[in-house]
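# Overview (structure and organization)
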Amino acid sequence: MDRNQIIKWLKAPAKMGHKYSLHAIYFCTGCGIIEVPPVITARWDAERFGVIPVATPRQANLFLITGYVSVKTLKAIIRTYEQMPSPKFTVGFGSCPINGGMYWDSYNTIKRLDKYIPIDGWIAGCMPRPEAIFVAVTHLWTLIDKDMADGYKRYRSNYHLYRANQEQLFGELEWPPLFPLEDQVEQIA
Amino acid sequence: MNRSLKEKLEATFSDIKVAAPEDDRMVITTRKDAVLSVLNFLKTGGYQHLGLVSCVDWIEDNEFELVYILSAYLQDNYEYSIKEKTNIILKTRISRENPQFMTIIPVFANAEPYERELHELFGIHFEGHPRQIPLLLERDYSIPPFRKDFDTREYVKEVFDNIPVVEEKKK
């Protein structure tokens, strides 16, 4: 163990635990997922950084959104995100989730992902190299240390806004609200 | 190019144009009511694989062009002959005002998803198709989105740009 970190471990052991055991949900959207197999296998070996892919959202706390998000995929992304246990961190990978990328005028691709779910960090590029994932992970460590990776808290406190955006896009949603909507509106009013 | 096939086609069907832009490609242009019989003829002639059904929107001519791509399966000796190398492209044009066409499922059963896709993206109605329900799209569009007169930028402005950013709305 790094001696410099002993104080951090004693101060906030849970936070350090979250930092070094990022379990990434293996959710494939768009072309960016092609970078993930070399990242998690022997060539770049993400396990050095404590990042392991897991099969179900119930076991995951890191959500990498790799590439363009079509309207149909967004539905699955929202449901996957809501199933993940807190604390959970989302990272948009590639330029398409940031602003649409090369699909900026596509009829069926959403342009800004952070209108629908909260994002903790972005990796720009088309495509980013696999090393960029590690840069993002180390940045995420810093954010967790400083309590700035608070996407799941923002989702909870602004759920009525996120839900309103989701409903504006999809019309009617097939699933009930994750958090009660009435309380939030009252709190703010 | 498969010369005997060209002669056979021209002898059997009137009003048919056979061209060969490349050695291994044959482009057949025909009227729309002859499509089924030409496809039947080609299928019995050994071209049993329907690779793709596609569509081109010729908005200036006010017509849709349907494109059927056929090829032959490899024979048992695994050696390419001229026939296996040739891709056959069958083209026909239908009116854009009233986009209706007959289904080719009786001849090639695997045309079902392709025709469903064309129904969804170009709004072409295939008569006799068993289930023309949405295949890929999630939303309703005023104009089918692959038509040339569908303005994607306008649509993006209307739908995606109108959704507010959560962080800005909070303030």
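Anyway, here's the lowdown on the structure attached to this text.

Right, let's get into the interface of chain A and chain B. Taken together, the contacts link 22 residues of chain A with 25 residues of chain B. Here chain A meets chain B over a buried area of about 2,100 Å², counting both sides, of which 58% is carbon and sulfur. Where chain A touches chain B, the interface holds 2 salt bridges. The partner of Glu138(B) in a salt bridge is Lys75(A), with the nearest N and O atoms 2.8 Å apart. Remark: the boundary between chain A and chain B carries 9 residue pairs in polar contact (both at pLDDT 80 or more).

All names here are of chain A. Examined against the element boundaries, Met 127 turns out to sit in the loop between strand S5 (121-123) and helix H6 (130-145). Counting along the chain gives 109 residues from Met 127 to His 18, while the straight-line C-alpha distance between them is 28 Å. When sequence neighbours within four positions are dropped, the list of residues in contact with Met 127 reads Cys 31, Gly 32, Glu 35 and Phe 93.

Let us now look at unusual backbone geometry. Backbone geometry follows two general trends: most residues other than glycine have a negative phi, and most peptide bonds adopt the trans configuration. Omega for the peptide link from Ser86(A) to Pro87(A) comes to -5°, which places this bond in the cis form. Residue position: Pro87(A) is located in the loop between helix H4 (71-83) and strand S4 (89-93). Met127(A) follows Cys126(A) through a cis peptide bond whose omega is -15°. Backbone geometry places Asp15(B), a non-glycine residue, at a positive phi of 60°. Mapped onto the elements of the fold, Asp15(B) is located in the loop between helix H1 (3-12) and strand S1 (16-22). When its relative accessible area of 53% is taken as the criterion, Asp15(B) is described as exposed. Unlike most non-glycine residues, Asn62(B) shows phi in positive territory, near 60°. Relative to the elements of secondary structure, Asn62(B) occurs in the loop between strand S3 (49-58) and strand S4 (63-71).

Residues and elements named next belong to chain B. As summarised here, the arrangement of the 5 strands in space is S1-S2-S5-S4-S3, forming an open sheet in which the pairing is mixed. Looking at which strands have only one partner, the edges of the open sheet turn out to be S1 and S3. Here the average twist between neighbouring strands, direction ignored, is 20°. For S4 and strand S5 (residues 87-95), the ladder comprises 8 bridges, and the chain directions are antiparallel. Bridging from a neighbouring strand, Leu 70 pairs with Ile 88 of S5. Against the sheet, helix H2 (residues 35-44) contacts S1, strand S2 (25-30), S4 and S5, and its axis sits at roughly 170° relative to S5. Across the sheet, helix H4 (residues 112-121) is in contact with S3 and S4; its angle to S3 comes to roughly 15°.

Cut-off values and rules
- Residues numbered from 1 in each chain as written.
- Chains lettered and ligands numbered in written order.
- Predicted model: local features only at pLDDT ≥ 70, side-chain atom pairs only at ≥ 80, totals over all residues.
- Heavy atoms only, no water.
- Contact = heavy atoms within 4.5 Å.
- Buried area = accessible area lost by both parts, 1.4 Å probe.
- Salt bridge = Lys/Arg side-chain N within 4 Å of Asp/Glu carboxyl O.
- Polar contact = N/O pair within 3.5 Å; in protein donor to acceptor, adjacent residues only side chain to side chain.
- Helix = DSSP H or I, 4+ residues; strand = E, 2+ residues; numbered from the N terminus.
- Buried < 20%, exposed > 50% of the residue type's maximum accessible area, 1.4 Å probe, protein only.
- Pairing = 2+ DSSP bridges.
- Axes fitted to C-alpha atoms, helices over the stretch in contact; angles between N-to-C directions.

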